[in-house]
Amino acid sequence: MTVEIPKEKWAGAVREVTLGATPDQGGSRTKTITVGGEACMPFLDFDGKTARPPVIGVEICDRKPADWSPLLYQAWGEAMDDPGAWAKAAEDAGADLIYLVLSLTTADGEPNTPDHARSALRKVLDACGLPVIVIGPGQAELDNELLVPVAEEGKGEKLVLGLCEDKNYRTIVAAAMANDQLVQSSTPMDVNLSKQLVILITDMGLPLERILMDPTTGALGYGIEYGYSVMERLRLAALQGDAMTQLPMVVTPGAETWKVKESKIGEGVPEGWGDWERRALEWEAITASSLIHAGADIVVVRHPETLRRLRAVTAELMQPVELV
Amino acid sequence: MPLTGLEIYKLLPQTNCKDCSYPTCLAFAMKLAAKQVELKDCPHVSEEAAGKLAAASAPPIRLVELSGGNGKLQVGNETVLFRHEKTFYHKPGLFLRVKAADDVEKIKALVSEASAYQVDYVGITLALDGFAIDSDGSDASSFAAAVAAAQSATQKPLILLALEPALAKAGLEAAQGKRPLLYAAEADTASEMAALAKEHHVPLVAKAGTLEALAELTQKLTDAGLEDIVLDPQIEGFHEGLERLTAIRRLAIKSNFRPLGFPVITFPGRDGAQDGSLLAAQHIAKYAGFIVVESFDPAALYPLMVLRENIYTDPQKPIQVQPGLYEINSPDDKAPVMVTTNFSITYFSVANEVESSGWPAWLLVADAEGMSVLTAWAAGNFDADRIAKAVKNFGTEEKVAHRRLIIPGQVAVLSGELEEELPGWEIMVGPREAVDISGYLKAMWS
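Keep in mind that what you see is a predicted model, and the values were worked out from it rather than measured.

**Here we look at the packing of aromatic side chains**
Counted according to the given criterion, the structure contains 12 aromatic pairs over all chains. Here the aromatic rings of Tyr226(A) and Phe343(B) are separated by 5.6 Å at their centres, their planes lie at 85 degrees, and the arrangement is edge-to-face. With one member in each of two chains, Tyr226(A) in helix H7 (residues 224-239) and Phe343(B) in the loop between strand S14 (337-341) and helix H12 (344-357) form a pair that bridges those chains. Accessibility expressed as a relative area gives 2% for Phe343(B), which makes it buried. With a centroid separation of 5.1 Å and 80 degrees between ring planes, the pair formed by Tyr347(B) and Phe348(B) is classed as edge-to-face. Here a set of aromatic residues connected by ring pairs shows up, and it is made of Trp273(A), Trp283(A) and Tyr302(B). For the cation-ring pair, Arg249(B) lies above Phe88(B), with the distance from its terminal atom to the ring centre recorded as 5.5 Å.

**Considerations on helix H14 (residues 384-393) of chain B**
Residue and element names in this part refer to chain B. Those residues of H14 lying buried are Ala384, Ile387, Ala388, Ala390 and Val391. End-on view of H14: buried residues confined to an arc of 155 degrees, all on one side of the axis. Next to the buried residues of H14 lie S14, strand S15 (361-366), helix H15 (396-399), strand S16 (404-407) and helix H16 (415-421). Directly beyond the C-terminal end of H14, a positive phi value near 65 degrees is found at Gly395.

**Notes on the packing of H7(A) against helix H10 (residues 276-294) of chain A**
Residue and element names in this part refer to chain A. At their nearest, the axes of H7 and H10 sit 8 Å apart, and the two run at 25 degrees to each other. Here H10 runs roughly parallel to H7, going by the angle between their axes. H7 and H10 meet at a crossing whose hand is right-handed. Counted together, Ile224, Tyr228, Met231 and Glu232 of H7 and Thr287, Ser290, Leu291 and Ala294 of H10 form the full contact between these two elements. Partitioned by chemical class, the residues of the contact of H7 with H10 number 5 nonpolar, 2 polar and 1 charged.

**Description of the interface of chain B and chain A**
On the chain A side, the residues contacting the 60 residues of chain B number 57 residues. Between chain B and chain A the total buried area reaches about 5,000 Å² when both faces are included, carbon and sulfur atoms providing 63% of it. Broken down residue by residue, the surface that chain B buries against chain A is led by His239(B), Glu243(B) and Arg250(B), which jointly contribute 14%. Here chain B is connected to chain A by 8 salt bridges.

**Topic: unusual backbone geometry**
The amide bond that connects Gly162(A) to the next residue, Leu163(A), takes the cis arrangement and shows omega of 0 degrees. Along the chain, Leu163(A) falls in strand S6 (residues 160-164). Unlike most non-glycine residues, Gln14(B) shows phi in positive territory, near 60 degrees. Judged by relative accessible area, Gln14(B) falls into the partly exposed class, the value being 38%.

**Thoughts on the pattern of salt bridges**
Going through the model one piece at a time under the given rule, you end up with 47 salt bridges over all chains. Among the salt bridges present, the one from Asp275(A) reaches Arg278(A), with a minimum N-O distance of 3.7 Å. Among the salt bridges present, the one from Arg244(B) reaches Glu240(B), with a minimum N-O distance of 3.1 Å. Of this pair, Arg244(B) and Glu240(B) both sit in helix H9 (residues 238-254), 4 residues apart, roughly one helical turn. Using a relative accessible area of 5% as the deciding quantity, one classes Arg244(B) as buried. With relative accessibility at 14%, the residue Glu240(B) sits in the buried group. Where salt bridges share partners, they join Arg118(A), Arg122(A), Asp126(A), Glu152(A) and Glu153(A) into one cluster.

**A short note on the environment of Ala114(B)**
All names here are of chain B. Looking at the element boundaries, Ala114 is found in helix H4 (residues 104-116). For Ala114, a relative accessible area of 0% puts it in the buried group. In sequence terms Ala114 and Ala132 are 18 residues apart; their C-alpha atoms lie 12 Å from each other. The residues contacting Ala114, other than those within four sequence positions of it, are Leu96, Leu128, Phe131 and Phe296.

**Here's the deal with the sheet that holds strand S11 (residues 265-266) of chain B**
Residue and element names in this part refer to chain B. The sheet built from 8 strands is open, its strands ordered S10-S9-S8-S7-S6-S3-S12-S11 with parallel pairing. Edge positions in the sheet fall to strand S10 (229-232) and S11, since each of these pairs with one other strand and no more. Where strand S8 (residues 181-185) and strand S9 (residues 204-207) come together, 2 bridges link them in parallel fashion. Paired with Leu182 across the strands is Leu204, a residue of S9. Against the sheet, helix H7 (residues 190-200) makes contact with S8 and S9, and its axis sits at roughly 165 degrees relative to S8, the strand it touches most.

**Quick notes on the nonpolar core**
By size, the foremost hydrophobic cluster in this structure holds 169 residues, and its most contacted members are Ile98(A), Val134(A), Ile133(B) and Leu260(B). Setting aside its immediate chain neighbours within four residues, Val134(A) contacts Leu100(A), Leu102(A), Leu121(A), Leu147(A), Val150(A), Leu159(A), Val160(A), Leu161(A) and Gly162(A). By size, the runner-up hydrophobic cluster in this structure holds 25 residues, among which are Val337(B), Ala388(B), Leu414(B) and Leu422(B).

**Side note on the pairing of strand S7 (residues 182-186) of chain A**
Residues in a regular strand project their side chains so that they alternate between the two faces of the sheet. Residue and element names in this part refer to chain A. The buried count for S7 comes to 5 of 5 residues, which makes it a mostly enclosed element. Crossover S6 to S7 through helix H5 (residues 170-178) is right-handed. Two elements, S7 and strand S8 (residues 211-214), share 4 bridges in a ladder whose sense is parallel. Bridging from a neighbouring strand, Ser186 pairs with Asp214 of S8.

**Overview of the side chain of Glu78(B)**
Residues and elements named next belong to chain B. Structurally, Glu78 is set in the loop between strand S2 (72-75) and strand S3 (93-99). Among buried charged residues, Glu78 stands out as having no salt bridge; its nearest opposite-charge side chain is Arg249, 4.8 Å away. Here Tyr89 takes part through its backbone nitrogen, which lies 2.7 Å from a polar atom of the side chain of Glu78. Discounting chain neighbours no more than four positions away, the residues touching Glu78 are Pro60, Ile61, Thr87, Phe88, Tyr89, His90, Arg249, Ile253 and Tyr312.

Rules used in this analysis
Residues numbered from 1 in each chain as written. Chains lettered and ligands numbered in written order. Predicted model: local features only at pLDDT ≥ 70, side-chain atom pairs only at ≥ 80, totals over all residues. Heavy atoms only, no water. Phe/Tyr/Trp six-rings, centres within 6.5 Å; stacked < 30°, edge-to-face > 60°. Helix = DSSP H or I, 4+ residues; strand = E, 2+ residues; numbered from the N terminus. Buried < 20%, exposed > 50% of the residue type's maximum accessible area, 1.4 Å probe, protein only. Lys NZ or Arg CZ within 6 Å of the ring centre and 35° of its normal. Arc of directions from axis to C-beta. Contact = heavy atoms within 4.5 Å. Axes fitted to C-alpha atoms, helices over the stretch in contact; angles between N-to-C directions. Parallel < 35°, antiparallel > 145°, perpendicular 65-115°, else oblique. Left-handed = near helix turned anticlockwise from the far one by under 90°. Nonpolar A, V, L, I, M, F, W, Y, C, P; charged D, E, K, R; others polar. Buried area = accessible area lost by both parts, 1.4 Å probe. Salt bridge = Lys/Arg side-chain N within 4 Å of Asp/Glu carboxyl O. Pairing = 2+ DSSP bridges. Core = buried A, V, L, I, M, F, W, Y, C linked by side-chain atoms within 4.5 Å. Right-handed = clockwise from strand over helix to strand, strands pointing away. Lys, Arg positive; Asp, Glu negative; His and termini not counted. Polar contact = N/O pair within 3.5 Å; in protein donor to acceptor, adjacent residues only side chain to side chain.

Have a look at this one:
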């Protein structure tokens, strides 16, 4: 019996975006990372090509965070005391890129400063050869105050700066344009809001090749289904030819999952939740892997074991297969 | 794929005899397409046309039902490839593999423990759906004993993993009166297995390594009179599994390809070298109907069961709780008032934290159209106006003597506007995450 699989003929594809710059490109990275280029729903070869495997980034902070899960302190140890050492440890663990999050305050509780942010980025750039995404603390004024000097400090490195949100994107986009960097456009789980912000950013003159789309996601059990479906819809729109959705997607399952109770806490929880450490690792890996299946181009995780597990999955998803 | 009114019309006598009580055959066809009348209302339809119409109105993926002592499980009847297109209807059954070659007491112990295992997730009870009794390494009598042992320890449905017809027969006899899933017919055992499945009225798995061989096998089983079939396309890895599961779903839904219009069974992690949890997660999101897991491990099962709830949540109807003023830990008029949205995951995250903190508190649940805090705020469903209305409508001012309201940290920006909407109230900005509520109350509430 002949079985003919119904195929999709897609009109569009995801745009390719390159992060980082090597010395001969004006930066200091040992390699660049290109994401995007998919011409099908995730890994469905019979419809079109998947140009490359999804990228796995590791989230680090400019100083040791005060409120992360104890399991993460165990995993990274003393490296967390210094952003350079932490970035190096992440590179050694096999990360494709560094996702550097700037803190709201310095260790003594004062608001974070441009000097501190610059020096954290410098340490990361000096210690490892990976492309870097730099994310502000999430308060508009401080984000702008820190990300402008960061953009200057990393001039030529093709950093990604974020988060650009509908209420605060102009200064970040202007800093990216002035210093030849990229931006991360972030909107709360909504296809139209996502498109709208990309339009506003391109209206300022930043080309699409320098924008990553962050559709936001929830952790497993805390709204993952919203993020998952928004990502599927964005990818379908991209394949149908909607230019403003044809950008690679970056999501942060590490940050989402490690703040939920299932991961953060080992005591005083229902017995049915099982062993804490393994549960926490499953929470991050299952969330991240599900988002990879929904179309994520970059997943940012926190635990090195998740990085290892996802690497095996993405490698396998790229293997050619015989069907019928 | 259901036929349109016009396609149905072409199969009707087109005499406009009105015996169906509709003025024209076309009018009747339209009603039929809308499933408002039944075909038997037309006394003149030909047998051939009736056959075609019945076939076309059957669901693209057959609904298959299993039953145990008193537990029932239905899978199949799915209609879309992406959950946002409508919804996924029947959650895949999660079954635990039990080795029949093990000692009977060991089987009983494992099955009772795993059968009793349940976890509460936002008010929903999560549990395993049944057990797959694996005949590998056992003979007919020890397999029958294992099936009996499992049934003595659970009311949930079983899957009988027995490729040898003699073993299958022994297992089915031991499961008499229940409706297990029989696994499986292969090309060379198709007729024997079909006969056993028919005799015992149980659904049967068709197992083959290519989609073509699988389609041929189900055809054989259908010709033998079986209707309840489940597919085992023998998927192995992440990529090949994803493509094969997608191909089967597409063939059923887009091409109405009957030979593969059945639920699929998968065995993630059967090959011990693979990441079984992540494979199972893929199978949950991408179209499996039955998933057999290898070990009883709550740390891995709990997240998988949560994923299954999430993926199978109807996107049109977020799970909501009733807006109102909820009492936690018997609050009095001095207890803090905290506001959140009526999205059930948000509600339960907050309510569980407050409850376990031991603080008596009032939880004010505003009507935010069932969205989470940030999403509702972005969509204009959780603003100062709505929160103020909730404070007034649910009688908060009569319940507490103080006038202090704690709002979620993620909507700190609302505090100014809220103070205008609620004169006399002090607005306090709470933590961004529910997990920090206890610490916040300790530090900020006196």
